[in-house]
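Fold and contact review
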Amino acid sequence: MSESVTKRFDVLVVGGGPAGMAAAVSAAQAGVRVGVVDDNAGLGGQIWRGEHANSNSEASGWIRKASTSGIELIAGVRVVDQPRAGVLRGESLAGPLDFTYRKLILATGARERFLPFPGWTLPNVMGAGGLQSLVKCGLPVAGKRVIVAGTGPLLLAVAAFLREAGAWVLFVLEQASRMSFSRFATRLLWHPRKISQALSLRKSLSGVPRLTSAWPVAAEGNGVLQSVTISHRGRRKKVDCDYLACGFHLVPNSELPSLLGCRVRDGWVLVDDWQRTSQEQIFCAGEPTGVGGVELALIEGQIAGFAAVGDQEGAKKLFRPRAKQRAFSTALNRTFALRPELRDLPQSQTIVCRCEDVPLERLSGLRSWREAKLQTRCGMGPCQGRVCGSAAEFLFGWTVDSVRPPVFPAQLSTLSQNVRELDPVVAMRGEQ
Amino acid sequence: MPEPISVLVNGSRVSVTPGTTAAVAIMIAGTPCRTSVHGEGRGPLCGMGICFECCAQIDGVKRLRSCQIICEPGMEISTNE
């Protein structure tokens, strides 16, 4: 049996997206040993997936800083467990890897919320961020007909991106009403940077029909997506297309924080002004504390990084920018709140749990997430409720909150390793 | 323009640009990644390693999330589990 290796850090950051990079760079300024662990091949997380260190973009700047400040990047490793206090276990293709830390910063980001509707399990129906990721990872979409749907600012960014990749974006369907949208737009007046982003998006999307109060009612096709039936202001229309990129805003990846004992409310990790969680050594920054986009993630990451190394002055300088961004995020999330009609989309035969093929009719009438798991296996498959649980919270009002290790499916050989101390002095003391 | 590399999907050669993930190679090959409990073909949904719809066998190792694995020349990707 291979032995797990233990890597020690003063500050360990889980997640190499904007918040994680900002945290690592800020912590590294104190000259301490900083590590960033991420399950992707490189830095950037979701929003900056595939960005490189050698361009003029903001993403590139952060990747450059995170790669050159003496920070150790451990890529391709997924944290799955906490074998004992102060130790995280990661799984990789090369074998298990353990990490010890004095301070831990969790920057695990968010994932898309998926809602079921008839045909949503057909190949070529994917998330909005999902299709963007796949295109960034080599999927050719030139000349393909794409409908972008769901809710959230991500839809417009994805539509613009797909257009630039040569796709023919037929529609952008936003479930929020036009009125919610206009109220949100006036908020932009307080944030000049966001106005220029919005204007540039508008330009990229000129000519693409953008409908509000619109959503997909069904995806149709024989073994693969061939058309989508759209609902818009009570009228229905069937549109042929090659891809449906559909996601309903974001939900926090708070499974690891939960496992580590951080207090979580309604899925959001609770933090104080220093981005510290209810666990004294653990900080959390970015989407898991409240979906707020890149700017907020960068600010929160920096605050967490400074706070983790005791640089309170550095952290305090960012309190006001954080407050401003948080106000914007609150308004944004209110704008894209899900309308009740979306609960009526799945029919009785529509699959809700994709891993275990559990249809809606087997879930209606059950009283809780726990009952659903026990009676139907919903949420007991590989995704462990990351797709179906988030949908069930909206469809049925259940609280999906039980987390047990491993937080991701892991190989037995990963979980069964004893923590091996490389430092005999530390081993004698019995703790890190 | 970087030279395309060649991988095998269920024994058939697929040409992809460097940096392409195995999940995308499977999509380019025109086949679903996996089969559901009741026999339906499924493809990638989330593109970020949380939905597990893209699971495939890669170079002999089963149940890998193919959307997080970059293609290497000669990689053998199998969707027949």
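Residues numbered from 1 in each chain as written. Chains lettered and ligands numbered in written order. Predicted model: local features only at pLDDT ≥ 70, side-chain atom pairs only at ≥ 80, totals over all residues. Heavy atoms only, no water.

**Describing the overall build of chain A**
Looking only at helices and strands, chain A has 14 helices and 23 strands in total. Radius of gyration (C-alpha) of chain A: 22 Å, near the 22 Å computed for a compact globule of 432 residues. On the principal axes, the C-alpha backbone points of chain A span a range of 70 × 50 × 35 Å. Residue burial in chain A is summarised as follows: out of 432 residues, 56% are buried. For chain A, restricting intrachain contacts to residue pairs at least 6 apart in sequence, the fraction spanning at least 24 positions comes to 65%. For chain A, the exposed area adds up to about 18,800 Å²; of that, 51% sits on carbon and sulfur atoms. A distance of 6 Å separates the average location of the 52 positive side-chain charges in chain A from that of its 37 negative side-chain charges. (Helix = DSSP H or I, 4+ residues; strand = E, 2+ residues; numbered from the N terminus. Rg over C-alpha atoms; globule rule 2.2 N^0.38 Å. Buried < 20%, exposed > 50% of the residue type's maximum accessible area, 1.4 Å probe, protein only. Contact = heavy atoms within 4.5 Å. Areas by Shrake-Rupley, 256 points an atom, 1.4 Å probe, with all protein chains shown as cover. Lys, Arg positive; Asp, Glu negative; His and termini not counted. Charge placed at Lys NZ, Arg CZ, Asp CG, Glu CD.)

**Section: the overall build of chain B**
Helix and strand content of chain B: 1 helix and 7 strands. For chain B, the sequential pattern of α-helices and β-strands runs β-β-α-β-β-β-β-β. Taken against the 2.2 N^0.38 rule, which gives 12 Å for 81 residues, the C-alpha radius of gyration of chain B at 12 Å falls within 12% of a compact globule. Based on the C-alpha atoms only, the size of chain B along its principal axes is roughly 40 × 25 × 20 Å. Per-residue burial for chain B yields a buried fraction of 54% across its 81 residues. Nonlocal contacts in chain B, meaning residues at least 24 apart in sequence, comprise 37% of its contacts between residues at least 6 apart.

**Overview of the interface of chain A and chain B**
Accessible area lost on assembly of the parts is the figure often given for the size of an interface. Facing 37 residues of chain A, the contacting portion of chain B comprises 30 residues. When the two sides are added together, the surface that chain A and chain B hide from each other amounts to roughly 2,600 Å², 60% of it contributed by carbon and sulfur. Interface area lost by chain A to chain B is led by Cys137, Arg354 and Asp357 of chain A, which between them contribute 21%. Run the count over chain A and chain B and you get 2 salt bridges. The closest approach of N and O atoms between Asp357 of chain A and Arg42 of chain B, which form a salt bridge, is 2.7 Å. Summed over the shared surface of chain A and chain B, the result is 11 residue pairs in polar contact (both at pLDDT 80 or more). (Buried area = accessible area lost by both parts, 1.4 Å probe. Salt bridge = Lys/Arg side-chain N within 4 Å of Asp/Glu carboxyl O. Polar contact = N/O pair within 3.5 Å; in protein donor to acceptor, adjacent residues only side chain to side chain.)

**Concerning the sheet that holds strand β14 (residues 214-220) of chain A**
Residues and elements named next belong to chain A. Read across the sheet, 3 strands follow the order β14-β15-β16 without closing on themselves; strand pairing throughout is antiparallel. At either margin of the open sheet sits one strand with a lone partner, and together these are β14 and β16 (235-240). Within the sheet, the average angular offset between the axes of one strand and its neighbour, ignoring direction, is 25 degrees. Direction of pairing for strand β15 (residues 227-232) relative to β16: antiparallel, over a ladder of 6 bridges. Note on β16: the bridge partner recorded for Ile230 is Lys237. (Pairing = 2+ DSSP bridges. Axes fitted to C-alpha atoms, helices over the stretch in contact; angles between N-to-C directions.)

**Here's the deal with the packing of helix α1 (residues 18-28) of chain A against helix α2 (residues 58-68) of chain A**
Relative orientation and spacing of two packed helices are given, respectively, by the angle between their axes and the distance between those axes. Residues and elements named next belong to chain A. Look at α1 against α2: their axes get within 9 Å of each other, and the N-to-C directions meet at 45 degrees. The angle between α1 and α2 falls in the class oblique. As for the relative orientation of α1 and α2, their crossing is left-handed in sense. Across the interface between the two elements, Met21, Ala22 and Val25 of α1 pack against Trp62, Ile63, Lys65 and Ala66 of α2. Residue composition of the contact of α1 with α2, grouped by class: 6 nonpolar, no polar and 1 charged. (Parallel < 35°, antiparallel > 145°, perpendicular 65-115°, else oblique. Left-handed = near helix turned anticlockwise from the far one by under 90°. Nonpolar A, V, L, I, M, F, W, Y, C, P; charged D, E, K, R; others polar.)

**Structural notes on the confidence of the model for chain B**
All names here are of chain B. Taken as a whole, chain B shows an average pLDDT of 94; of its residues, 96% reach a score of 70 or greater. Here strand β6 (residues 61-65) is the element of chain B with the lowest mean pLDDT, 92, and helix α1 (residues 22-28) is the one with the highest, 98. If you check the scores for this complex, the pTM reads 0.93 and the ipTM reads 0.97. (pLDDT = per-residue confidence, 0-100.)

**Quick word on α2 of chain A**
Residue and element names in this part refer to chain A. Within α2, burial applies to Ala59, Ser60, Gly61, Trp62, Ile63 and Ala66. Turning to α2, the residues buried within the fold contact α1 and α8 (293-308). Directly beyond the C-terminal end of α2, a positive phi value near 80 degrees is found at Gly70.

**Section: unusual backbone geometry**
The amide bond that connects Pro405 of chain A to the next residue, Pro406 of chain A, takes the cis arrangement and shows omega of -5 degrees. Structurally, Pro406 of chain A can be placed in the loop between α12 (388-396) and α13 (412-415). Phi is positive for Asp59 of chain B, close to 50 degrees, though the residue is something other than glycine. Here Asp59 of chain B is to be found in the loop between β5 (55-58) and β6. For Asp59 of chain B, a relative accessible area of 48% corresponds to the partly exposed category.

**Considering the pairing of strand β17 (residues 243-248) of chain A**
Every regular strand shows the same layout, with side chains that alternate between the two sheet faces. Where burial is concerned, most of β17 of chain A is hidden: 6 out of the 6 residues are buried. Side chains of β17 of chain A alternate between two faces, with Tyr243, Ala245 and Gly247 of chain A and Leu244, Cys246 and Phe248 of chain A buried alike.

**Structural notes on the packing of aromatic side chains**
In this description, a pair of aromatic rings is defined by centroid distance and the angle of the planes. All names here are of chain A. Evaluated as defined, the whole model comprises 3 aromatic pairs over all chains. Here the aromatic rings of Phe181 and Phe336 are separated by 5.8 Å at their centres, their planes lie at 80 degrees, and the arrangement is edge-to-face. With Phe181 in helix α5 (residues 178-187) and Phe336 in the loop between α10 (319-335) and β22 (351-353), the pair connects residues that are 155 residues apart, well separated along the chain. Over the face of the ring belonging to Phe408 we find Arg78, whose NZ or CZ atom lies 5.3 Å from the ring centre. (Phe/Tyr/Trp six-rings, centres within 6.5 Å; stacked < 30°, edge-to-face > 60°. Lys NZ or Arg CZ within 6 Å of the ring centre and 35° of its normal.)

**Topic: the pattern of salt bridges**
Going through the model one piece at a time under the given rule, you end up with 19 salt bridges over all chains. Of the charged contacts, one joins Asp39 of chain A and Arg78 of chain A as a salt bridge, the two residues approaching to 3.3 Å between their closest N and O atoms. Placement of the pair is Asp39 of chain A in the loop between β3 (34-38) and α2 and Arg78 of chain A in strand β5 (residues 78-84), with a sequence separation of 39 residues. Residue Asp39 of chain A is classed as partly exposed on the basis of its relative accessible area of 22%. Residue Arg78 of chain A is classed as buried on the basis of its relative accessible area, which comes to 13%. Arg42 of chain B is the partner of Glu53 of chain B in a salt bridge, and the nearest nitrogen-oxygen pair spans 2.9 Å. One end of the pair, Glu53 of chain B, is in the loop between β4 (41-42) and β5; the other, Arg42 of chain B, is in strand β4, and 11 residues separate them in sequence. Exposure class is identical for Glu53 of chain B and Arg42 of chain B. Each is buried. Linked by salt bridges that have partners in common, Arg354 and Asp357 of chain A together with Arg34, Glu40, Arg42 and Glu53 of chain B make up one network.

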